[in-house]
Amino acid sequence: TVMESQDLYKTALLPGIQSRPLYYLMQHGLFTVLPAHEPWTRLMPVLFGVATVWLVARLAARVAGDRAALVAALVAACSPWHIYASEMARYYSLVGLLVTATTLLLLDARERDSVAAWRRVSIPVAIGILVHPTFALGVLVMLAVAVLRGSLEAPRWRLPSRGVWLGLVPP
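Residues numbered from 1 in each chain as written. Predicted model: local features only at pLDDT ≥ 70, side-chain atom pairs only at ≥ 80, totals over all residues. Heavy atoms only, no water.

1. Some thoughts on the overall build of the chain
The following threshold applies: Elements are defined by DSSP. Helices are runs of H or I of four residues or more, strands are runs of E of two residues or more, and each kind is numbered from the N terminus. Buried residues are those whose accessible area, probed at 1.4 Å on protein chains only, stays under 20% of the maximum for their type, while exposed residues exceed 50% and partly exposed ones sit between those limits. Contact criterion: two residues are considered in contact whenever any of their non-hydrogen atoms come within 4.5 Å of each other. Surface accessibility in these figures is a Shrake-Rupley result with a 1.4 Å probe; residues are shielded only by whichever protein chains are displayed.
Broken down by element type, the chain carries 10 helices and 0 strands. Along the chain, helices and strands appear, N-terminal first, in the series α-α-α-α-α-α-α-α-α-α. With the C-alpha coordinates aligned to their principal axes, the bounding extent of the chain is approximately 55 × 40 × 25 Å. In the chain, which comprises 171 residues, the proportion classed as buried is 43%. Expressed as a percentage of contacts within the chain between residues at least 6 apart in sequence, the contacts between residues at least 24 apart total 57%. Within the structure as shown, the chain displays about 9,800 Å² of accessible surface, and the carbon and sulfur contribution to it stands at 70%.

2. Describing unusual backbone geometry
Not every positive phi belongs to a glycine, and Asp113 is a case in point at roughly 50°. Relative to the elements of secondary structure, Asp113 occurs in the loop between α7 (92–112) and α8 (115–131).

3. Observations regarding the packing of helix α5 (residues 66–78) against helix α6 (residues 80–87)
The condition is simple: A fitted line through C-alpha atoms represents every axis, and for helices the fit uses only the stretch in contact; the resulting angles, taken between N-to-C directions, go from 0 to 180 degrees. Oblique is the label for any angle not under 35 degrees, not over 145, and not in the 65 to 115 range, which are roughly parallel, roughly antiparallel and roughly perpendicular in turn. Note on residue categories: nonpolar means Ala, Val, Leu, Ile, Met, Phe, Trp, Tyr, Cys or Pro, charged means Asp, Glu, Lys or Arg, and polar means any other residue, Gly included.
For the pair α5 and α6, the least separation of the axes is 5 Å and the interaxial angle reads 60°. Relative to α6, the element α5 lies oblique. In contact with Ala76, Ala77 and Cys78 of α5, α6 contributes Pro80, His82 and Ile83. Of the residues contributing to the contact of α5 with α6, the split by class is 5 nonpolar, 1 polar and no charged.

Right under this line is the structure:
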């Protein structure tokens, strides 16, 4: 992480920054302020991990209530994978944060079906794809289902709405 963040496009490591540019650019900016030592390489992943626990709680509260939010936050915070990703000096906790944010925004967009709501969904999607291409794999399936699938009461396939076409597709 230190080598790729400092050397950026001149790194000898493959695939280097080309496959995940945003995270290394963020680390590069951090290293202009803080020393490029191991504890500081883990600062952003820890912050992303804490933010993910908060978003998981918000998502659970929206779907299942306050008690579920507390349980979900506790499960996320104690999850071995989440702890590992949040302490590792890599981009994994940022991917988790962006997937959670996309899910929360998708629920809102499906409910409102406005151009602005769908445009908000495109923000974490665009950032996630710039963080790491694997982000797109799971999120594109989730987007397709959210855009093309009807409600739980009427789970028929449908054409994308005007809000999707104007808010999500152009960005």
